[in-house]
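Okay, here's what each chain looks like letter by letter:
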Amino acid sequence: MRGLGIPMVRDRVAQQAAKVVLEPIFEADFRPSSYGYRPQRSATEALERVRRGFIRGYAWVVEFDIRSYFDSIDHERMLRLVEQRLSGRRVVKLVRQWLRAGVLEGRQTRETVTGTLQGGVISPLLANIYLLDLTDAGQRGCGRVGALRGRLGGAGPQPAEAEAAVEAMRSILTELGLELHADKTREVDLREDREGFDFLGCHFQARVSGRLLERGIRRYYLHRCPSQRSMKRLRQRVHDLIGRDRNGVKDVRVLIRDINPVLIGWGNYFRTGNAASKFISIDRYVSDSATSLPRERQGRSLRPAQARQWTADWFHEQGRHRLRGTICYPEVGNMPRRSSVSRVRENRTHGLKGGWGTTSVRGQCAPDY
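Summarised in this report is the structure supplied together with it.

1. Topic: the overall build of the chain
Scanning the chain from terminus to terminus reveals 15 helices and 11 strands. Residues classed as buried in the chain amount to 46% of the 369 residues present. Of all intrachain contacts in the chain linking residues separated by at least 6 positions in sequence, the fraction that spans at least 24 positions is 70%. Carbon and sulfur atoms make up 48% of the accessible area of the chain, which totals about 20200 Å².

What follows is the structure, given as structure tokens:
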């Protein structure tokens, strides 16, 4: 596998200029069902398309991944696809030079006969161009094609159609010189909460509506929440930012300044789904992690009154961003808006100074952490 390649600055500038010219031309050919690496499109829109498809009755999902896609792109086929839409030979020649530029490994240059560097500015656009035949065929005969972002998901109402979609995709990929990843290809039955699947960091699973069930109506909706992998990665990130190696930090606001951007970015991505319980879980984990640090630092000298004051609400007052209460469904808020970082209270002492002792806040004696 080739891995990640980083072009030189001069090539990156040239690729960006070429992308500005080429992208509008090929955007006219891309299918509306394609979301990956495209302007004015986001992963949130792709996730919403999957949810709306379930409402329309598409309960079978075909999830598959292309093995080593960026490393397997055939140069000649790629150039033919570019030539079909461009009359300028100089631009085609420039694309050919980028594809065949080779890779510098140590002091040796290795020639590349297939693939495009994943670190190139123009590589995502070329990747979408190469899959035009696949998305066209998927739109015509393989049910509805879901989101394209390195992985494709198609949904069909019957298991037989799901199996036919897999075989059709496998045949098309073979013609393109590509291969399905067997371990990441499966058919998922979403009916009546039977199975679920992970996609773009989210876990999808059909859940019955509790409010309708109370009225005797059993109706399922596609539930979307952060996947277990996404939750684990965030907890690990929080652990790295509030861990024993940060035991020397004497002011809680230093930790809050570091952790808030992580919480805000993660929360803005997942806030358009059914993530309320997950957000509460992360808030609790962050508070417990932050509380454990001063406990370990003070040890036996910790007074009971101090420990009781280190609550989730107290950390929020110090400026920590709280995920709870930030859910915003696309139908209500259209798209997630940028959330501002919680500010330190104005009546607090300015600057990041102070110790692990106590300071006066609203006439009360509260610890700095």
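2. Thoughts on the packing of helix α4 (residues 75-85) against helix α5 (residues 89-99)
Running from N to C, α4 and α5 cross one another at 155°; their axes reach a closest spacing of 10 Å. Considering the angle they form, α4 stands roughly antiparallel to α5. In the crossing of α4 with α5, the sense of the turn from one axis to the other is right-handed. Along its contact with α4, which presents His75, Met78, Leu79, Val82 and Glu83, the element α5 presents Arg89, Val92, Val95, Arg96 and Leu99. Along the lines of polarity and charge, the residues of the contact of α4 with α5 split into six nonpolar, one polar and three charged.

3. Brief notes about unusual backbone geometry
Even without a glycine there, the phi angle at Ser68 is positive, about 45°. Among the secondary structure elements, Ser68 is positioned in the loop between β1 (60-65) and α3 (69-72). Ser68 sits in the partly exposed class, given a relative accessible area of 25%.

4. Notes on the pairing of strand β7 (residues 196-199)
Of the pairings in the sheet, the one linking β7 to strand β8 (residues 202-208) comprises four bridges and is antiparallel in character. Residue pairing across strands places Phe197 opposite Phe204, the latter belonging to β8. Counting the residues between successive antiparallel strands, the hairpin from β7 to β8 contains two residues, one of them, Leu200, with a positive phi of roughly 55°.

5. Some points on the pattern of salt bridges
Two side chains with opposite charge may pair up if their charged atoms get near one another. Taken as a whole and assessed by the stated rule, the structure comprises 14 salt bridges. Residues Glu48 and Arg224 are paired through a salt bridge, measuring 3.1 Å at the closest nitrogen-oxygen approach. Taken together, the positions of Glu48 in helix α2 (residues 43-55) and Arg224 in strand β9 (residues 220-226) put the pair 176 residues apart, joining distant regions of the chain. The two residues Glu48 and Arg224 agree in class, both being buried. Salt bridges here are not isolated pairs; linked through shared partners, they connect Glu48, Arg51 and Arg224.

6. Digging into the sheet that holds β7
Reading across from one edge, β7-β8-β9 is the order of the three strands in this open sheet, with antiparallel pairing throughout. At either end of the open sheet lies a strand with only one pairing partner, and these are β7 and β9. In this sheet, adjacent strand axes meet at a mean angle of 30° when their direction is disregarded. By the bridge criterion, seven bridges tie β8 to β9 in an arrangement that is antiparallel. Note that in β9 the partner of His203 across the bridge is Cys225. Contacting β7, β8 and β9, α2 crosses the sheet at an angle of about 160° to β9.

7. Notes on the packing of α4 against helix α6 (residues 123-130)
Relative to each other, α4 and α6 sit at 85°, their axes nearing to 10 Å. The orientation of α4 relative to α6 falls into the category roughly perpendicular. Where α4 abuts α6, its residues Arg77, Met78 and Leu81 lie against Leu126, Ile129 and Tyr130. Within the contact of α4 with α6, the residues separate by chemical class into five nonpolar, no polar and one charged.

8. Here we look at the environment of Pro24
Looking at where Pro24 falls in the secondary structure, it is placed in helix α1 (residues 9-27). You can call Pro24 exposed: its relative accessible area is 55%. Residues Pro24 and Pro39, 15 residues apart in the sequence, show an inter-C-alpha distance of 9.5 Å.

9. Remarks on the pairing of β1
Look at any regular strand and the pattern is simple: side chains alternate between the two faces of the sheet. Of all the six residues making up β1, six are buried; the element is thus mostly covered by neighbouring parts of the structure. Residue alternation in β1 divides its side chains into two sets, Trp60, Val62 and Phe64 and Val61, Glu63 and Asp65, and both sets are buried. With four bridges connecting them, β1 and strand β6 (residues 186-189) associate as antiparallel partners. Note on β6: the bridge partner recorded for Val62 is Glu187.

Cut-offs and rules
Residues numbered from 1 in each chain as written. Predicted model: local features only at pLDDT ≥ 70, side-chain atom pairs only at ≥ 80, totals over all residues. Heavy atoms only, no water. Helix = DSSP H or I, 4+ residues; strand = E, 2+ residues; numbered from the N terminus. Buried < 20%, exposed > 50% of the residue type's maximum accessible area, 1.4 Å probe, protein only. Contact = heavy atoms within 4.5 Å. Areas by Shrake-Rupley, 256 points an atom, 1.4 Å probe, with all protein chains shown as cover. Axes fitted to C-alpha atoms, helices over the stretch in contact; angles between N-to-C directions. Parallel < 35°, antiparallel > 145°, perpendicular 65-115°, else oblique. Left-handed = near helix turned anticlockwise from the far one by under 90°. Nonpolar A, V, L, I, M, F, W, Y, C, P; charged D, E, K, R; others polar. Pairing = 2+ DSSP bridges. Salt bridge = Lys/Arg side-chain N within 4 Å of Asp/Glu carboxyl O.

Geometry only, nothing functional implied.
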